[in-house]
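# Commentary on secondary and tertiary structure
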Amino acid sequence: MALPHVVSSPSSTSLSPSPSFKSKPPFKSLSPPTIALRRCKLNSFRCSSSSFSDDVVELPLFPLPLVLFPGAILPLQIFEFRYRIMMHTLLQSDLRFGVVYSDSVSGSAAEVGCVGEVVKHERLVDDRFFLICKGQERFRVTNLVRTKPYLVGEVTWLEDRPSGEENLDSLANEVEILMKEVIRLSNRLNGKAEKEVQDLRRNQFPTPFSFFVGSTFEGAPREQQALLELEDTAARLKRERETLRNTLNYLTAASAVKDVFPSSS
């Protein structure tokens, strides 16, 4: 089942939908930009090989113009020399690296990212790599250990805090219902059959489901990054609920216009 694709609204923090779907992604051939970590310039981090506690680890960092969520699948094509070096290192270790969102406009990268674990790879004769990666733990970059030939940072792991008295299952169910309506109306606007949308949650607990929902908001990387950085499942689900409500309102209005002026679609 394809999922809705939403894009940022330039006039507000809410999102407006693009009448299309998130299709199965092709391999992404991306050349990472020169970056500075978000809110801090690259040279403001101490580059050292100092020791660290058990909850701090070193991780190769891969800046990309996208946001990876835990549980999401990310296809990549690796062709830049420094990241081919990184891949050769990873193939001899645990096949894990950190994906951090890099803003193409500001040239900065987020401090919070997600581990990408290589679950399948193919090495070509010209030393390029095709990868299938899966999002794992979230992390926060606390220090840059090395900048060449590729970034290596010290990171600490992030986990959602307990949400208190919030009924997370109820919130997750609300979000799922809104997603189904968004998909139904998107299908209608695209001239596709309005089939009943099946179970989107698939027995997922609220936290992984909230990451799944965020991963469907393609075209809005800043909103996705904000969702990734939240450390409260209830807060994440509420923000996604608001986004989907705004999207549903937009689609409802667009559908009404199509009914009145069918030739304008």
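Naming follows an unreviewed UniProt entry, where the chain appears as Lon N-terminal domain-containing protein of Cardamine amara subsp. amara.

A cis amide bond links Lys-148 with the next residue in sequence, Pro-149, at an omega value of -5°. Summarising the element assignment, Pro-149 is placed in the loop between β10 (129-146) and β11 (152-158). Phi is positive for Asp-127, close to 75°, though the residue is something other than glycine. Its location among the elements puts Asp-127 in the loop between β9 (112-123) and β10. For Arg-202, which is not a glycine, the phi torsion comes out positive at approximately 55°.

Below, the discussion takes up the nonpolar core. One finds Phe-62, Leu-74, Leu-76, Ile-78, Phe-97, Leu-131 and Leu-244 to be the most contacted residues of the largest nonpolar core, which totals 49 residues. Considering every element that reaches this core, the biggest residue donor is helix α2 (residues 168-189), with nine residues. Among the nonpolar cores identified, the runner-up in size contains ten residues, and Leu-59, Val-100, Val-115 and Leu-144 belong to it.

The next thing to look at is the pattern of salt bridges. Across all of its chains, the model carries 18 salt bridges by this definition. Where Arg-123 meets Asp-127, a salt bridge forms, and the shortest distance between an N and an O atom there is 3.0 Å. Under the relative-accessibility criterion, Arg-123 is labelled exposed at 52%. One salt bridge in this structure joins Glu-223 and Arg-239, with 2.9 Å as the shortest N-O distance. Taken together, the residues Glu-223 in helix α4 (residues 221-229) and Arg-239 in helix α5 (residues 233-260) connect sequence positions 16 residues apart. Accessibility expressed as a relative area gives 6% for Glu-223, which makes it buried.

Calculation criteria
Residue numbers here run from 1 along each chain, matching the order of that chain's written sequence. Only residues with pLDDT of at least 70 are given local features in this predicted model, and only at 80 or more are side-chain atom pairs given and counted; all residues enter the totals for whole chains, interfaces and linings. Hydrogens and waters are ignored; side-chain quantities use all the structure's heavy atoms. Going along the chain from the N terminus, every DSSP run of H or I of four or more residues is numbered as a helix, and every run of E of two or more is numbered as a strand. Definition used in this section: a nonpolar core is a set of buried Ala, Val, Leu, Ile, Met, Phe, Trp, Tyr and Cys residues joined via side-chain atoms within 4.5 Å. Note on exposure labels: buried denotes an accessible area under 20% of the residue type's maximum, exposed denotes more than 50%, and partly exposed covers the range between, all computed with a 1.4 Å probe on protein chains only. The salt bridge definition used is simple: a Lys or Arg side-chain nitrogen within 4 Å of an Asp or Glu carboxyl oxygen.

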